[in-house]
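# Geometric and topological summary
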Amino acid sequence: MSSAHEDTQHPISTYLWIWLLLFVLSAFSYMVDYFHVQGLLRWTLIIIFMFLKAGLIVSIFMHMKWERRALQLAILVPPLCLLVLIGLMAIEGNYTFLTRSVAFTP
Amino acid sequence: MAVETMSGHIAPAGVVEGMPGVVTDFSSDKQVFPVHWGKAMMWIFLLSDTFIFSCFLTSYMHVRMSTTVPWPNPSEVFALSLGGAPIPLILIAIMTFVLISSSGTMAMAVNYGYRRNRGRTTALMLITAGFGATFVGMQAFEWTKLIMEEGIRPWGNPLGAAQFGSTFFMITGFHGLHVSAGVIYLVVVALRVWRGDYERSGSYEAVEIAGLYWHFVDLVWVFIFAFFYLW
């Protein structure tokens, strides 16, 4: 059982460590641009650093890690349906690009 | 054994954890989320806000994928000359660090709130608001540079695809609005902490709820930074 009592008292150092980690991860994402990493490696690194940062913020800073599973699922699962939207729009965007290339490019 | 949660609510004995806990929480004809109502509502608001920002970012993906005109290189557009040579994306990097720092101070403010340390909570919240205001200030500087010097407009720009301007002003503008609202929100809550409102009511939930909003603003920036500036 996750006794949530300890949360109220977890030491300030927890937050300082997460803060430092977020700083380092942000520095890494900036380095990706600074050193002109290109192509698939660039996108992979950007996505990895992004999700690591987002995960730390949501789980530690927003205390999601210590909430009950019901609240975790109620908040974290619904956004997954956005993947459908993103998928559909990617297909649509590709199609529009092809159509424009054929019909409108001089 | 009674379990005291984060917020000091007492969960009844024999509370079930994990997936079986999800079933009992939703099915046993009781309040589903054993948290302060304001916290549950803030989470639901943030969920809806997630959808709004995701729609913006998805539409940005769509216009960027579908345009046949080359997309301006954000690395160059947002470069800034500091002592001669232009440094790519430097202002955006500083803005990112400022916002992350504000999240750090906010997390500590919430912690001190639950420790009932009124002075430190107030101070850390005001520092957070200060970082937020700094962020908005830098964004105003960035917008000014883009509009006045680069000639970028929502309907077109001299660098390439017209959609660059429209999505940029839409997404960062909406985010900046959230930060500005957050600064006001934080200052209001900080002053109420200082006045002792939560000391009297015996509950520092309001600080955590304000914190949730603030961390969300930082969270959105993580995605904007990755998809708009770095991609």
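Structure's up top.
Let me begin by describing the structure that accompanies this report. (Residues numbered from 1 in each chain as written. Chains lettered and ligands numbered in written order. Predicted model: local features only at pLDDT ≥ 70, side-chain atom pairs only at ≥ 80, totals over all residues. Heavy atoms only, no water.)

### A few points about the overall build of chain A
The condition is simple: A run of H or I in DSSP becomes a helix once it reaches four residues, and a run of E becomes a strand once it reaches two; helices and strands are each numbered from the N terminus. With a 1.4 Å probe rolled over the protein chains alone, any residue whose accessible area is under 20% of its type maximum counts as buried; one over 50% counts as exposed, and the rest are partly exposed. Residues count as neighbours in contact if any of their non-hydrogen atoms are within 4.5 Å of one another. Residue burial considers only the protein chains on display, and all accessible areas are found by Shrake-Rupley using a 1.4 Å probe.
Within chain A, the regular secondary structure consists of five helices and zero strands. Across the 106 residues that make up chain A, the buried fraction comes to 39%. Intrachain contacts of chain A at a sequence separation of at least 6 include 54% that bridge at least 24 residues. Summed over all atoms, the accessible surface of chain A reaches about 6,100 Å², with 77% contributed by carbon and sulfur.

### Considerations on the overall build of chain B
When helices and strands are counted, chain B shows eight helices and four strands. If you list the helices and strands of chain B from N to C, you get β-β-α-α-α-β-β-α-α-α-α-α. Each principal axis of the C-alpha distribution contributes one length, and for chain B these read about 65 × 40 × 25 Å. Here chain B, with 231 residues, has 54% of them falling under the buried criterion. Surface accessibility of chain B: about 9,600 Å² in total, with carbon and sulfur atoms responsible for 69%.

### Some thoughts on the interface of chain A and chain B
Heads up, the condition is: Simply put, the buried area is the total loss of 1.4 Å probe accessible area from both parts when two parts are fitted together. We define a salt bridge as a contact between a side-chain nitrogen of Lys or Arg and a carboxyl oxygen of Asp or Glu at a distance within 4 Å. We call two N or O atoms a polar contact when they sit within 3.5 Å, provided that within protein one can donate a hydrogen and the other can accept it, with sequence-adjacent residues counted only if both atoms are side-chain atoms.
Taken together, the 59 residues of chain A in the interface contact 67 residues of chain B. With both chains or domains summed, chain A and chain B bury close to 5,700 Å², and 75% of this area falls on carbon and sulfur atoms. Salt-bridge contacts for A:R68 lead to B:E17; the nearest nitrogen and oxygen are separated by 3.2 Å. At the boundary of chain A and chain B, one finds ten residue pairs in polar contact (both at pLDDT 80 or more).

### Re the pattern of salt bridges
Throughout the structure, instances matching the rule amount to eleven salt bridges over all chains. Across the pair B:E199 and B:R116 runs a salt bridge, and its minimum N-O distance is 3.9 Å. With B:E199 in helix α7 (residues 197–201) and B:R116 in the loop between α4 (90–114) and α5 (118–149), the pair connects residues that are 83 residues apart, well separated along the chain. Taken together, the salt bridges that share partners define one network made up of A:R68, B:E17, B:D25 and B:K30.

### Let's talk about the packing of aromatic side chains
Remark: the centre distance and the inter-plane angle together describe each pair of aromatic rings, the angle taken between the planes. Residue and element names in this part refer to chain B. Filter applied, for reference: Pairs were defined over the aromatic rings of Phe, Tyr and Trp, the Trp ring being its six-membered one, requiring ring centres within 6.5 Å. Orientation was assigned from the angle between planes: stacked under 30 degrees, edge-to-face over 60, tilted for the rest. Either the NZ atom of lysine or the CZ atom of arginine qualifies as a charge over a ring when it sits within 6 Å of the ring centre and within 35 degrees of the ring normal.
Going through the model one piece at a time under the given rule, you end up with 33 aromatic pairs over all chains. Among the aromatic residues, those joined into a ring-pair cluster are Y60, W71, F78, F135, W143, F164, F168, F169, W221, F228 and Y229. Taking the ring centre of Y112 as reference, the NZ or CZ of R115 above it sits at 5.7 Å.

### Let's talk about the packing of helix α2 (residues 37–66) of chain B against helix α8 (residues 205–230) of chain B
Residues and elements named next belong to chain B. Put simply, the rule is: A fitted line through C-alpha atoms represents every axis, and for helices the fit uses only the stretch in contact; the resulting angles, taken between N-to-C directions, go from 0 to 180 degrees. Roughly parallel means an angle under 35 degrees; roughly antiparallel means over 145; roughly perpendicular covers 65 to 115; every other angle is labelled oblique. By definition, turning the near helix anticlockwise from the far helix through less than a right angle yields a left-handed crossing, and turning it clockwise yields a right-handed one. Residue polarity follows a fixed list, in which Ala, Val, Leu, Ile, Met, Phe, Trp, Tyr, Cys and Pro are nonpolar, Asp, Glu, Lys and Arg are charged, and the others, Gly among them, are polar.
In contact at an axis separation of 10 Å, α2 and α8 are set at 10° when each is read in the N-to-C sense. Considering the angle they form, α2 stands roughly parallel to α8. Considering how the two elements wind past one another, α2 and α8 form a crossing that is right-handed. In contact with G38, K39, M42, W43, F45, L46, D49, T50, F53, L57, Y60 and R64 of α2, α8 contributes E208, I209, L212, Y213, F216, V220, F223, F227 and F228. Partitioned by chemical class, the residues of the contact of α2 with α8 number 15 nonpolar, two polar and four charged.

### A closer look at α8(B)
Residue and element names in this part refer to chain B. Our working rule: By definition here, a helix of n residues has an expected span of 1.5 Å times n minus one. Take the seven residues that end at a residue and the seven that start at it, fit an axis to each, and the angle between those axes is the bend at that residue.
With 26 residues, α8 extends 36 Å from end C-alpha to end C-alpha; this agrees with the ideal 38 Å at 1.5 Å per step. If you look at α8, its biggest bend is around 30°, right at I224. Buried residues dominate α8, accounting for 24 of its 26 residues.

### Quick look at helix α4 (residues 69–76) of chain A
Side chains of residues three or four places apart in an α-helix project in the same direction, reflecting 3.6 residues per turn. Every buried residue belonging to α4(A) is among A:A70, A:L71, A:Q72 and A:I75, and all of these are buried. Residues of α4(A) that are buried in the fold lie against α1 (18–27) and α2 of chain B.

### Focus: unusual backbone geometry
All names here are of chain B. Here the phi dihedral of L89 falls at roughly 60°; this positive angle occurs in a residue that is not glycine. Inspection of the secondary structure assignment puts L89 in the loop between β4 (86–87) and α4. Residue L89 is classed as buried on the basis of its relative accessible area of 0%. Of note, R116 is a non-glycine position whose phi angle comes to about 60°, a positive value.

### Things to note about the nonpolar core
The test is simple: Buried Ala, Val, Leu, Ile, Met, Phe, Trp, Tyr and Cys residues form a nonpolar core when they are joined through side-chain atoms within 4.5 Å.
Ranked by internal contacts, the top residues of the largest apolar core, which has 94 residues, are B:F78, B:M125, B:W221, B:F228 and B:Y229. The set of elements that each furnish at least two residues to this core consists of α2 (12–34), α3 (39–61) and α4 of chain A together with α2, α4, α5, α6 (163–195) and α8 of chain B. A total of 19 residues in this core trace back to one element, the largest contributor, which is α8(B). In contact with B:W221, not counting residues within four places along its chain, are B:I92, B:M95, B:T96, B:L99, B:F135, B:H175 and B:Y229.

### Considering a nonpolar patch on the surface
All names here are of chain A. What counts here: Each patch groups residues whose relative accessible area exceeds 30% and which form no salt bridge, using 9 Å between like charges and 5 Å between nonpolar side chains of Val, Leu, Ile, Met, Phe, Trp and Tyr.
Side chains of W17, L20, V24, F28, M31, Y34 and F35 sit close together on the surface and give an oily, nonpolar patch of about 750 Å² of accessible area. Note on placement: V24 falls in helix α2. Looking at V24, the relative accessible area reads 37%, which means it is partly exposed.

### Some details on the side chain of A:R68
Take A:R68: it is sitting in the loop between α3 and α4. Assessed through its relative accessible area of 14%, A:R68 is described here as buried. There is a polar contact of 2.5 Å between the side chain of A:R68 and the backbone oxygen of B:V16. For A:R68, the contacting residues outside a window of four places in its chain are B:V15, B:V16, B:E17, B:G21, B:D25 and B:P34.

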